Amino acid sequence: MMTRSSILLRWTLVLLVVLGSSYFAANIEVKEDALDLLPDGVATSDLELIRQLGMINRVYISLTIETATPEITDAEWQRLRQSVLATGSLLQESPLLPTVVYRLPAGIEHSLFQELWPLLPVIADEEDYRIFNEAVTEEGVRLRLKRAFQLLNSPAGIGLKDRIVNDPLGLSLVTFDKLKQLRGEFAVTAKDGVFTSDNGKSCLIWADSSQPLTDSQHAFLVQEVLDQALEQGLHQGVTAEVIGTLPHTLANITTVKKDLRLLLPLATLSLISFLVYSFRNARGILVVGIPFLAALPAIVLQNLICGKVSGLALGFGIVLTGLAVDFAVHLYMALSREPGDRETILHNLKRPILLAWCTTTSVFAILLLSSVPSHRQMAVLAIAGISLAVAVSWLLVPTISGRPPNSRTAGETTTLTSSSGRLPIMLWIFLIAAGAACWPWLEFNGDMRVLDATNEQLKSVDNRFHRTWRGSVDQALLLSRGTSLDEALDVNDQVFAYLSRQDIEHFQSVAPILPGPAIREQRFSDWQTFWSRNRDNVAASLNHHGRDLGFRAGSFDPFLDFISTDTSSFNAGAVLRGSIYPLLASMVRFLPDPAGPNNSDRVIVMTVVPENDTTWPVLQKLQEKQIDDLSIISFRTWRQQVEHLLRHDIMLLSLLAGLTVATLVGLFFRNVRAVGAALAPVGSALAGMSLFSFVTGQDINIMHILMGIMVIGLCVDYGIFSVCAHEKGTSRTTRKAVSICAVSSCIGFGVLAFADHPALYSLGTTVLVGIGVAWPTAVWVTPALLKTGETLP
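All values reported here derive from a predicted model rather than from experimental measurement. (Residues numbered from 1 in each chain as written. Predicted model: local features only at pLDDT ≥ 70, side-chain atom pairs only at ≥ 80, totals over all residues. Heavy atoms only, no water.)

Novice: Explain the overall build of the chain residue by residue, including any values.
Specialist: Each helix and strand counted, the chain has 30 helices and 10 strands in total. Looking at the 793 residues of the chain, the share that counts as buried comes to 52%. Looking at the chain alone, contacts between residues at least 24 apart form 82% of all its contacts between residues at least 6 apart. Approximately 36900 Å² of the chain is accessible, and the part contributed by carbon and sulfur atoms is 59%. (Helix = DSSP H or I, 4+ residues; strand = E, 2+ residues; numbered from the N terminus. Buried < 20%, exposed > 50% of the residue type's maximum accessible area, 1.4 Å probe, protein only. Contact = heavy atoms within 4.5 Å. Areas by Shrake-Rupley, 256 points an atom, 1.4 Å probe, with all protein chains shown as cover.)

Spelled out as structure tokens, the structure:
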């Protein structure tokens, strides 16, 4: 019998450790990094670069007006345009969205010529010179001057005098054509200063968030800004749809919250009711809570070992710590219901608890070999939590395990007798055979998108957006790097030249407007050569035909001076600061370079290529060229690489986990019959999960595997306690303890099988099916296998 002072000492010691841990845990910052979900070596540096570029933090807003006729009227267009201007202006006021692009700068119609015309000598390419050759002929000069004269004398010619005297041949039109290359695969056109679709009924706004939109807290703040801006900015008949990372983040968070808000109270109420019914007193509830006292110390240990705590690892690690509840339940049931003195009972429990702890922690120790950082963090927290929870349970559960007056005496037997051992074994063999037959037909899906809570409404919005703007679902990002803008532009020119030779259409590049210094030098030389041959003839033709049309002598001297210049006035920085900056902002980025001198910037110039069956082989060949300072991020290739690595990782870890558990059980029992009986629940769980996936037509995903490893750790414990109890003659008490543990796990985890979120659903079904078939196996099949073995001659 434990003394009052001994009980007080144990509780004081544990509570002091918990209080001390709470002090340190309060200073731990939970950091959520999406890169921790990816296997090591999966282009993490490139993905980090994409995050810095803000590509995953971009929000697209498509504004559409419902029209009464197939063609949009002027009044409807004005309502749509005013909605864009009002909404964009309101969004610009928020510090959460530092970059908002919704219109071209005011007066761009007049300033664009002044900005682009001086660039012509260095951006004109071979195709443009075909146009130039036609324009400088005698007939070409006459026709173009006549067209200019007519335009000048029309209502539209007001304000075009400077443009015509500087460019009487209309050569600047080629510069406007090059702006089309900036719109990429989105079918965007400019009308009245805003970005419209082909049918003129939709307009596009895009904005970059200051913080990652994968952060749920920040995502809700951004959504609030959007809601307020749209509520105040939209005019009658105009609707808005948001596309990008934001709606997916919110859909996942909202779905999880809805599921937990509905299912957690149901699970809690069901679990408490079941435990009160099973234990018949309040101490049983306390027994279940004792292992969770180890949670805070485990978190502190995990932070010391890993250096950080991620939200995902924290959530799953604490859940996995709950596995130690099984140990507490077995302790409580044995101490309160088995015959014999306390010391003898605890001595008999040491062996199964030690083995169960070894097998459970070894399963998670295998996860330390995973190539996914979050899996390793989860494993560290689970091992620390389970180990500490077992120690806490061993210290505290005996202090509350009073023996009821009607407890059995030492002479009473609690061994189960059964005359129907063949039927459970036959059913078990059938389950194993069915599971094994289904296994080869199952497929592993490593695409993380299968765990995304994308509802039908969100899919409909995405599809409608891509139909309206003709955008590709998948895009490849070609990132040209340099320590200066000119260096990055030189690399980008190589990319543009290669893609152009391959006849790739609808890719987005700044190369036509912002060539690198090598291209600029060559093109300016071509410009000088061209005009040295044609200047005199063009000057004579302009004077002759200009005089006939009524132009004054010397009207075109600005043009003749321009084509005679010996130096280029091109300035890439000035172009970036000009009117077309909204079109270039997302494609040319200056990022801090900590490794550079004086924290200088590194420059990234981006080319966007739609990924499809035509472009994918081209991108692979470009990758093989291994151009210096070029990174190619193909999300299609990336997903395949992630799936391959995860498949390899999962298969290896599952095999190692199975071998480790089997080896430990074999070394412990040193008896083939006992080993087989102990592992029977594990076989049932694996077979049951295989059969369930086959019948429901589900692919196996990463969540199935992670929770499958947890189920293996639970089920082998059931088998171990059942075998040890059979050897000690306490099968009835152990059967009830195993049943309480199994039903508790099915209630706590299995209720998630009714969740709408794919990840929670996968978690719930895995536990419910796995433990659902392992439980009766441990209760009936394991004793039957042991009894059958005993009767063999």
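Novice: How would you summarise the packing of helix 16 (residues 342–366) against helix 26 (residues 635–669) if you had to cite specific residues and measurements?
Specialist: Taken N-terminus to C-terminus, the directions of helix 16 and helix 26 make an angle of 160°; their axes are 9 Å apart at the nearest point. Here helix 16 is positioned roughly antiparallel relative to helix 26, judged by the angle of their axes. As for how helix 16 packs across helix 26, the hand of that crossing is right-handed. Each of Arg351, Pro352, Leu355, Cys358, Thr359, Ser362, Val363 and Ile366 in helix 16 lies in contact with helix 26, whose residues at this interface are Leu653, Leu656, Ala657, Thr660, Val661, Leu664, Val665, Phe668 and Phe669. The residue makeup of the contact of helix 16 with helix 26, split by class, is 13 nonpolar, three polar and one charged. (Axes fitted to C-alpha atoms, helices over the stretch in contact; angles between N-to-C directions. Parallel < 35°, antiparallel > 145°, perpendicular 65-115°, else oblique. Left-handed = near helix turned anticlockwise from the far one by under 90°. Nonpolar A, V, L, I, M, F, W, Y, C, P; charged D, E, K, R; others polar.)

Novice: Please give an account of the pairing of strand 10 (residues 630–634) that cites residues and values.
Specialist: In terms of burial, strand 10 is a largely internal element, five of the five residues being buried. Burial along strand 10 is two-sided: the residues Leu630, Ile632 and Ser634 and Ser631 and Ile633 are all buried. As paired elements, strand 7 (residues 475–482) and strand 10 share five bridges and run antiparallel to each other. Paired with Leu479 across the strands is Ser631, a residue of strand 10. (Pairing = 2+ DSSP bridges.)

Novice: Tell me what's going on with the pattern of salt bridges, and back it up with residues and numbers.
Specialist: Following the criterion strictly, the structure yields 12 salt bridges and no others. For Arg464, the salt bridge goes to Glu241, with nearest N and O atoms at 2.4 Å. With Arg464 in helix 19 (residues 456–469) and Glu241 in strand 6 (residues 238–244), this pair connects stretches of sequence that are 223 residues apart. (Salt bridge = Lys/Arg side-chain N within 4 Å of Asp/Glu carboxyl O.)

Novice: Explain the confidence of the model for the chain to me, using residue names and the numbers behind them.
Specialist: One rule of thumb: low pLDDT means the predicted coordinates there are not for detailed reading. Per-residue pLDDT for the chain averages 81, and the proportion of residues at 70 or more is 86%. Looking across the chain, the model is least confident in helix 14 (residues 311–321), with a mean pLDDT of 58, and most confident in helix 3 (residues 74–92), with 93. Here residues 405–419 is modelled with pLDDT under 50, and outside its nearest four sequence neighbours on either side it reaches 21 contacts, counting other chains as well. (pLDDT = per-residue confidence, 0-100.)

Novice: Describe the side chain of Thr361, with residues and values.
Specialist: Following the sequence through the fold, Thr361 ends up in helix 16. Ignoring anything within four residues of it in the chain, the contact list for Thr361 reads Ile383, Ile386 and Ser387.

Novice: An account of the packing of aromatic side chains is requested, with residue identities and associated values reported.
Specialist: Two aromatic rings, taken as a pair, are described by how far apart their centres are and by the angle between their planes. Under the defined criterion, the tally for this structure stands at 18 aromatic pairs. Taken together, a centroid distance of 6.5 Å and an interplanar angle of 70° make the contact between Phe327 and Phe721 edge-to-face. One end of the pair, Phe327, is in helix 15 (residues 325–337); the other, Phe721, is in helix 28 (residues 702–728), with 394 residues separating them in the sequence. Residue classification places Phe327 among the buried positions, given a relative accessible area of 1%. Sitting over the ring of Trp77, Lys191 keeps its end group 4.4 Å from the ring centre. (Phe/Tyr/Trp six-rings, centres within 6.5 Å; stacked < 30°, edge-to-face > 60°. Lys NZ or Arg CZ within 6 Å of the ring centre and 35° of its normal.)

Novice: I'd like a description of helix 17 (residues 373–400), backed by residues and values.
Specialist: Counted at 1.5 Å a residue, the expected span for helix 17 with its 28 residues is 40 Å, and the 40 Å between its end C-alpha atoms agrees. Along its length, helix 17 reaches its greatest deviation from straightness, about 30°, at Ser393. Burial within helix 17 is extensive, with 21 of its 28 residues counted as buried. (Expected span 1.5 Å × (residues − 1). Bend = angle between axes of the 7 residues up to and from the residue.)

Novice: With reference to specific residues and values, describe a nonpolar patch on the surface.
Specialist: A contiguous nonpolar surface patch, about 220 Å² in accessible area, is contributed by Ile272, Val276 and Ile285. Take Ile272: it is sitting in helix 11 (residues 245–279). (Patch = residues over 30% accessible without salt bridge, like charges linked within 9 Å, V, L, I, M, F, W, Y side chains within 5 Å.)

Novice: Provide a residue-level description of the side chain of Thr765, including the pertinent values.
Specialist: By the secondary structure assignment, Thr765 is in helix 30 (residues 758–791). A residue is classified by how much of its surface remains accessible, and Thr765, at 5% relative accessible area, is buried. Sequence-distant contacts of Thr765, defined by excluding residues within four places in its chain, comprise Phe692, His704, Ala753 and Gly770.

Novice: Describe the nonpolar core, listing the residues and the values that go with them.
Specialist: Core analysis: the biggest nonpolar cluster contains 106 residues, and Val329, Phe669, Tyr718 and Ile771 have the highest contact counts within it. Discounting residues that sit within four places of it in the chain, Val329 has contacts with Phe279, Val287, Ala737, Ile740 and Cys741. Counting 61 residues, the second-largest nonpolar core is a separate cluster that includes Leu171, Val174, Leu485 and Leu576. (Core = buried A, V, L, I, M, F, W, Y, C linked by side-chain atoms within 4.5 Å.)

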